[in-house]
Amino acid sequence: MASAAAKLLTDTVSRLMGTTTRTNAADLVVAKIGAGEAQAARDVVAGLARRTPVLSSRSLSEQSGGNVMLKAENLQRTGSFKLRGATHKISRLEKPPGVVAGSAGNHGQAVAYAARAQGVPCEVFMPSEAAVAKVAAVEAFGGVVHVAGESVDACVDEARRRARDTGAAFVHPFDDLDVILGQATLGLELLEDVPDLAMVIVPVGGGGLISGIAGVVKTERPEVRVVGVQVEACAAFEQSLREGGPTTFQARATIADGIAIKRPGDITLPLVERWVDELVVVREDDVAEAMVWLLERSKLVVEGGGAVGVAALHAGEVVPAERGSTVIVLSGGNVDAGLLAAIAHRHETTAGRRLRLFTRISDRPGGLARLLTEIAQAGGNVVHADHVREAVPLHVRETGVEIALETRGAEHSRSIVASLEAAGYSVRRLDEGSSTDGEDR
Ligand SMILES: Cc1ncc(COP(=O)(O)O)c(C=O)c1O
């Protein structure tokens, strides 16, 4: 009994000490931002990072009924806001023999870029699933890449170990005072560039970006609403806030890989609790649609993690401010071209602009030509055709065909099917009912 009581006491004390350490570090961020240190960080960050534009979006404004603008941080050097935090952090180190980071890509690219600019060798631990483009970019910026484990969290642990072994400085992706102050510089730009700022919508992974932005925004203009967005497959903050401390979320794979952080930071969790007005969660499908929407309408390449704010607005998870401007932060643009193409294709299908169908034709000369002529007359553009003879019930003189075609939309797709049926073809649509939600990809 006595030893159980002693253990309980020890556990309680260490939990309280943990809380105290967390709170102190978070309080230090609050104090430094209050003392204007984000402004000092800005002088350093401006030496390397771009001041990215804030773009108005008429269609988002019309759709949502507010004045909506986009902070195009996807156009930042290295492709994401991470350069701000990395540049500031490395500038604060005293002649390190090297820097080490663990990252799914964006932080790694930023650390490699900032390290090279400051003449410091850099190593980055990346998960095996990291986007090919991100791995290549880290290497192009002179970083040495080690593939280490499944998750970002595992890579961060590896990086920390490596730093301990080699004496290099470990650069945390979000749970670090100087990284947060670097990210805060984005908030300073918003305060200057959007004088009627009423709301800012920010993607949330480990919480460094939103802590920095919220810190400067709430310090200067407490009435501005700060809303964080997580993706359903990795909504770690909600759970940790509910449970009163950082806990590990049972994450699923997501196209928003940049924000797939399973455990909020010890510093960022109390900051989010203090400064963020609302946290919302979006679905995979909404993120994919937002990426395509940004590509088509705003001509912006934005990765999944960077597009969650637009997804939240589209899905009605966030309502923009009635008065003043609402800014959505597009936090990054690093996405593999192949993934973007797959998402765009899927969107065409969902929007009814891609029709896939199966039918049977006569296995005689001219059978396929007749079918293609019918499709052409109905205005469909065939992009792929395959003969299918295996595992389908066919008459001896028949063959199956699978056809993929571009159409003008759902109505046009239906009319093409109707024309083919009227011409005597029996048609089965293969494109309906596709969804990525709930899949563990
Ligand atoms: C594109 C992108 N957006 C947003 C975030 C979220 O940043 P943070 O981890 O500081 O919350 C990240 C990284 O985590 C990211 O790569």
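The model shown is predicted, which means the values in this text are computed figures rather than measured ones.

What counts and how
Residues numbered from 1 in each chain as written. Predicted model: local features only at pLDDT ≥ 70, side-chain atom pairs only at ≥ 80, totals over all residues. Pairing = 2+ DSSP bridges. Helix = DSSP H or I, 4+ residues; strand = E, 2+ residues; numbered from the N terminus. Contact = placed C-beta atoms within 7 Å. Axes fitted to C-alpha atoms, helices over the stretch in contact; angles between N-to-C directions. Buried ≥ 20, exposed ≤ 12 C-beta atoms within 10 Å, placed from the backbone. Domains from an automatic or database assignment. Parallel < 35°, antiparallel > 145°, perpendicular 65-115°, else oblique. Nonpolar A, V, L, I, M, F, W, Y, C, P; charged D, E, K, R; others polar.

1. Quick notes on the sheet that holds strand S5 (residues 144-147)
And then number 1: Strands sit in the order S5-S4-S3-S6 across an open sheet of four strands; the sheet is parallel. The sheet terminates laterally at S5 and strand S6 (169-170), the two strands that pair on one side only.
And then number 2: Of the strand pairs in this sheet, strand S3 (residues 99-102) and strand S4 (residues 122-126) are connected by four bridges, and their pairing is parallel. In the strand pairing of S4, Ala101 is matched with Val124.
And then number 3: Against the sheet, helix H5 (residues 106-117) makes contact with S3 and S4, and its axis sits at roughly 175° relative to S4, the strand it touches most.
And then number 4: Those strands touched by helix H7 (residues 152-166) are S3, S4 and S6, and its axis lies near 160° from that of S3.

2. Focus on the sheet that holds strand S8 (residues 225-231)
And then number 1: Judged by pairing direction, the sheet is mixed, and its six strands sit side by side in the order S1-S2-S10-S7-S8-S9 without closing on themselves. Across the chains shown, the open sheet's two edge strands, defined by having one partner strand only, are strand S1 (54-56) and strand S9 (278-282). Strand after strand, the sheet turns through a mean of 25° between neighbouring axes, direction not considered.

3. Examining unusual backbone geometry
And then number 1: Even without glycine at this site, Lys95 takes up a positive phi of about 40°.
And then number 2: Its 7 C-beta neighbours within 10 Å are what place Lys95 among the exposed residues.
And then number 3: Located in the positive-phi region is Lys299, a residue other than glycine, with phi close to 55°.
And then number 4: Classification of Lys299 by C-beta neighbours within 10 Å gives exposed; the count is 8.

4. Thoughts on the domain arrangement of the protein chain
And then number 1: With domains assigned, the protein chain is organised as domain 1 (2-79 + 179-343), domain 2 (82-170) and domain 3 (351-429).
And then number 2: Relative placement of domain 2 and domain 3: their C-alpha centres are 51 Å apart.

5. A few points about the packing of helix H2 (residues 37-45) against helix H4 (residues 82-92)
And then number 1: Look at H2 against H4: their axes get within 9 Å of each other, and the N-to-C directions meet at 95°. As far as their axial angle goes, H4 and H2 are roughly perpendicular. On H4, the residues touching Ala41, Val44 and Val45 of H2 are Arg84, Thr87, His88 and Ser91.
And then number 2: Class assignment of the residues belonging to the contact of H2 with H4 gives a composition of three nonpolar, three polar and one charged.

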